[in-house]
Amino acid sequence: MLRGYVIAYLVFLYAPILLLPLFAFNASTIIAFPLDGFTTSWFAELWTVDALHAALANSLFIAVLSAVFATLLGLAAARAAAKYKFPGQRSLTGLIMLPLILPEIIVAVALLVVVIQVMGWPLSRWTIIAAHTLICIPFSVAILNGAFRNLDAALEEAAVDLGETRWSAFQRVTLPLIAPGIIASLLIGFTISLDEFIIASFLSGAEPTLPVYIWGLLRFPARLPVVMALGTRLVLAAVALLALAEVLRRRGVARAGLQDKGGFL
Amino acid sequence: MDDNARRGLLLISPTALYAVGLLAVPLAAVLAISFSTQDFLTIDWTPTLANYREALSEPLYRELLGRSVRVAALVTLATVILSFPVAYYVSFHVDPSRKSLWLFLITIPFWTSYLIRIFLWKVILGFNGVVNSSLTGLGLIDEPLTFLLYNANAVVITLAHAFAPFAILPIFVSLERIDRSLLEAARDLGESHLTAFWRVTLPMAMPGVTAAVLIVFIPTIGDYVTPRLVGGPDGLMIANMIQTQFLRLNNAPLGAALSVVAMATVGLIAVAFALWARRYGSKG
């Protein structure tokens, strides 16, 4: 009985994504049943929309930089927590992890107030990068905490005892061992930033990100099939990236010689 | 301060300073601006309580806040109750070597385009949607059901879907920590499966349930996209009003006051729940 329930739950979880390709290849412009005929024209149309390409380029730029910044900052925080004990550790970690439970609209509003009302700066892709870095850091810290926990601290100490400097010991011993965690953190940050809508819609200036552009399209019924085609491609890309992140995470666990105990979070 | 502590602080300082500069300071700015007034684009920083008076007395805002808390509570209840058995199944009935594959399967839908997922729930629940056409096709109903879309139910279903992995993962983690021999001991001492679950497993899973509740309840209050797309006029929530005040009405101070009131309400409820759960958990 429990097994049946779990299968029904998985159907519930996957229902929306499974419908996506159905409507993306459907000839009718109306997103409803019954389906009409098979077409690939919505996918072909994706190649012709310049505004879409501009939004995608903008989102990719933002997602790459946010993921890199969040991973660097997450790395510093995770290593500090793994290697040292210091005063204020709990409250500092709490503050760093806070965006995980804070509603995105609060983060968005807070940054909007500072940028517009207090500083009087214009909105740009850099304001979004700053905000996305902030919300990606907790995920980086969580993933990298896991990577450091799997690491035998004695290895780095041994390298230092054998005459390496702290930095070269970190670089030559620790870094290769946590590399899969770093890559997983980059991929997760990239995925989060690419998909984030609420903060981007508050903080984007003249250049919309991909989700902000999609939100605009959702108001025009005639454009919906194109959105479905775009969504199908995005889902495929996200699944590929996540599968890669998962494979790397497992490889990291195996490299550290541990038993696999679960996912990213 | 010893060398170890100094190195630790130095290493965490870039990240901590980033969080202070881009989170703590901006949140303080929201608090500050909620006591000001705005005339078109200029802010008058003379302190006033007018925004809070308006936020707390205007019937529309009270209604939106009340509904947001109600919907968030329903979403949380639905999400946690629906996902507990899944976490339990993966922890207790799945072979250890396949557990991470299961968790991976559960998290995949969460990482796919948020806006498009919400939109597809609109398609599933709509008048000519998937649910209605299947039910009419099977001859179970004659007329499409209209209570599915454009109300609070639709918001609850859509958000319960969106937050599922956030509930499953923490509950799974706390179930994994339970020492299986305790359950055997309870069974040896004459407890049935059900009472052993009720008196041992559930109290020991409470930290995970609490984490799940907080991680679903608090962010739910801030979602304005789901209410806008599937909620209809009676499904709008406080976040929609905050968004309107900031982006359309150019009234940042009132928007800030509404944000502060919403967060304070949610924070109080969350703290009360966490305290209750700790007491319940410590009985186990």
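Residues numbered from 1 in each chain as written. Chains lettered and ligands numbered in written order. Predicted model: local features only at pLDDT ≥ 70, side-chain atom pairs only at ≥ 80, totals over all residues.

## Looking at the overall build of chain A
Within chain A, the regular secondary structure consists of eleven helices and zero strands. From first element to last, N terminus to C terminus, chain A shows the α and β order α-α-α-α-α-α-α-α-α-α-α. Expressed as lengths along the three principal axes of its C-alpha atoms, the size of chain A is roughly 70 × 55 × 35 Å. In chain A, buried positions account for 47% of the 265 residues. Of all intrachain contacts in chain A linking residues separated by at least 6 positions in sequence, the fraction that spans at least 24 positions is 77%. (Helix = DSSP H or I, 4+ residues; strand = E, 2+ residues; numbered from the N terminus. Buried ≥ 20, exposed ≤ 12 C-beta atoms within 10 Å, placed from the backbone. Contact = placed C-beta atoms within 7 Å.)

## With respect to the overall build of chain B
Broken down by element type, chain B carries 13 helices and two strands. Burial analysis of chain B (284 residues in total) assigns 46% to the buried set. For chain B, the share of sequence-separated contacts (at least 6 apart) that also reach a separation of at least 24 residues comes to 74%.

## Considerations on the interface of chain B and chain A
Counting from both sides, the interface comprises 72 residues of chain B and, opposite them, 66 residues of chain A. Ranked by the residues each element gives to the side of chain B that touches chain A, the list is headed by helix H1 (residues 3-33) of chain B, at 21 residues. Residues of the side of chain B that touches chain A, tallied by class, amount to 52 nonpolar, 17 polar and three charged. (Nonpolar A, V, L, I, M, F, W, Y, C, P; charged D, E, K, R; others polar.)

## As for the packing of helix H5 (residues 104-119) of chain A against helix H12 (residues 238-247) of chain B
Where H5 of chain A contacts H12 of chain B, the two axes come as close as 11 Å, and the packing angle between them is 15°. What the angle tells us is that H5 of chain A and H12 of chain B run roughly parallel. The two elements H5 of chain A and H12 of chain B meet at a crossing, and its hand is left-handed. Taken together, the residues of H12 of chain B that come into contact with H5 of chain A (itself represented by Ile105, Val109 and Leu112 of chain A) are Ala239, Ile242, Gln243 and Phe246 of chain B. (Axes fitted to C-alpha atoms, helices over the stretch in contact; angles between N-to-C directions. Parallel < 35°, antiparallel > 145°, perpendicular 65-115°, else oblique. Left-handed = near helix turned anticlockwise from the far one by under 90°.)

## A few points about the environment of Gln117 of chain A
Mapped onto the elements, Gln117 of chain A comes out in helix H5. With 21 C-beta atoms counted inside 10 Å, the residue Gln117 of chain A sits in the buried group. Setting aside residues no more than four positions away along its own chain, Gln117 of chain A makes contact with Ile33, Ile43 and Ala252 of chain B.

## Some words on the confidence of the model for chain B
Residues and elements named next belong to chain B. Summing up the model confidence of chain B, the mean pLDDT is 86 and the portion of residues at 70 or higher is 99%. For chain B, strand E2 (residues 42-44) is the element with the lowest average pLDDT, namely 77, and helix H3 (residues 59-93) is the one with the highest, namely 91. In the model output, the complex is listed with pTM 0.86 alongside ipTM 0.83. (pLDDT = per-residue confidence, 0-100.)

## With respect to the environment of Ala72 of chain B
Residues and elements named next belong to chain B. As for its position among the elements, Ala72 is in helix H3. Spatially, the C-alpha atoms of Ala72 and Pro219 are 8.7 Å apart, while their sequence positions differ by 147 residues. Ala72 has contacts with Phe217, Thr220 and Ile221, leaving out every residue within four places of it along the chain.

## Brief notes about the confidence of the model for chain A
Mean pLDDT over chain A works out to 85, with 95% of the residues at or above the 70 mark. Looking across chain A, the model is least confident in helix H2 (residues 41-46) of chain A, with a mean pLDDT of 80, and most confident in helix H3 (residues 50-83) of chain A, with 92.

## Brief notes about the environment of Leu234 of chain A
As for its placement among the helices and strands, Leu234 of chain A is situated in helix H11 (residues 224-255). For the pair Leu234 of chain A and Asp195 of chain A, spaced 39 residues apart in the sequence, the C-alpha separation amounts to 9.3 Å. The contact partners of Leu234 of chain A, leaving out residues within four places of it in the chain, are Thr112 and Ser113 of chain B.

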